[in-house]
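# Secondary and tertiary structure notes
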Amino acid sequence: MIGYNMVGTKDLAKAGDFFDKVFGVLGINRIMDEDKFIVWGRSMEDSCFSVCLPYDQKDAKPGNGTMTAFFAENEETVKKAYEAAMANGATCEGEPGLREFGYYVAYFRDLDGNKFNVFYSAAAHA
């Protein structure tokens, strides 16, 4: 349903390095790298994620109540992605663990303060 999600950054190179490490755990690679934005995904035909320098050249700011969630293959992958985020400057918004409705989730904020989670649901993989 979603074509792509994009968040702003103050430093494209640092954001690129950060997400390369987190997405590397999830098996997701850069598929586009331009002067003002970077895109990760499995292909341009699937949902993608990107970071950009804001078009209006004003400061990038995270949205209150805005969060992007990424699928993981299993609970161990959730933990590894969270650990990669923490090792590369993220701040914790909720350590890996079982949450409501059987979801195993970890929450973090990237270097620009954008909120993310990585999750696994046994029910979704049944």
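Please refer to the structure higher up on the page.
Residues numbered from 1 in each chain as written. Predicted model: local features only at pLDDT ≥ 70, side-chain atom pairs only at ≥ 80, totals over all residues. Heavy atoms only, no water.

## Considerations on helix α2 (residues 75-87)
If you check α2, its first and last C-alpha atoms are 18 Å apart, about what 13 residues at 1.5 Å a residue would give, namely 18 Å. Among the residues of α2, Thr77, Val78, Ala81, Tyr82, Ala84 and Ala85 are the ones counted as buried. Angular distribution of buried residues about the axis of α2 spans 160°; they occupy a single face of the element. Once α2 finishes, Gly89 follows within two positions and takes phi at roughly 105°, a positive value. (Helix = DSSP H or I, 4+ residues; strand = E, 2+ residues; numbered from the N terminus. Expected span 1.5 Å × (residues − 1). Buried < 20%, exposed > 50% of the residue type's maximum accessible area, 1.4 Å probe, protein only. Arc of directions from axis to C-beta.)

## Side note on the environment of Glu75
Along the polypeptide, Glu75 turns up in helix α2. Sequence spacing of Glu75 and Pro54 is 21 residues, and the spatial spacing of their C-alpha atoms is 34 Å. Dropping the residues within four chain positions of it, Glu75 is found in contact with Tyr104 and Tyr120. (Contact = heavy atoms within 4.5 Å.)

## Thoughts on the packing of helix α1 (residues 12-26) against α2
The N-to-C vectors of α1 and α2 enclose an angle of 170°; their axes lie 8 Å apart at closest approach. Judged on the interaxial angle alone, α2 and α1 are roughly antiparallel. Along this stretch, α1 crosses α2, giving a crossing that reads as right-handed. Along the contact surface, α1 presents Phe18, Lys21, Val22, Val25 and Leu26, while α2 presents Thr77, Lys80, Ala81, Ala84 and Ala85. Per-class residue counts for the contact of α1 with α2 are seven nonpolar, one polar and two charged. (Axes fitted to C-alpha atoms, helices over the stretch in contact; angles between N-to-C directions. Parallel < 35°, antiparallel > 145°, perpendicular 65-115°, else oblique. Left-handed = near helix turned anticlockwise from the far one by under 90°. Nonpolar A, V, L, I, M, F, W, Y, C, P; charged D, E, K, R; others polar.)

## Some words on the sheet that holds strand β7 (residues 103-109)
A sheet is described by the order of its strands in space; here four strands give the open sequence β5-β8-β7-β6, paired in mixed fashion. Looking along the sheet, the strands with just one partner apiece sit at the ends: β5 (67-71) and β6 (91-98). Here the average twist between neighbouring strands, direction ignored, is 20°. As defined by bridge partners, β5 adjoins strand β8 (residues 115-121) across five bridges and the pair is classed as parallel. Looking at β8, one finds that Met67 is bridged to Lys115. Strands in contact with α1 are β5, β7 and β8; relative to β5, the strand with the most contacts, it is inclined by about 35°. On top of the sheet, α2 reaches β6, β7 and β8; it is set at about 10° to β7, its chief contact. (Pairing = 2+ DSSP bridges.)

Function cannot be inferred from these measures alone, as they are strictly geometric.
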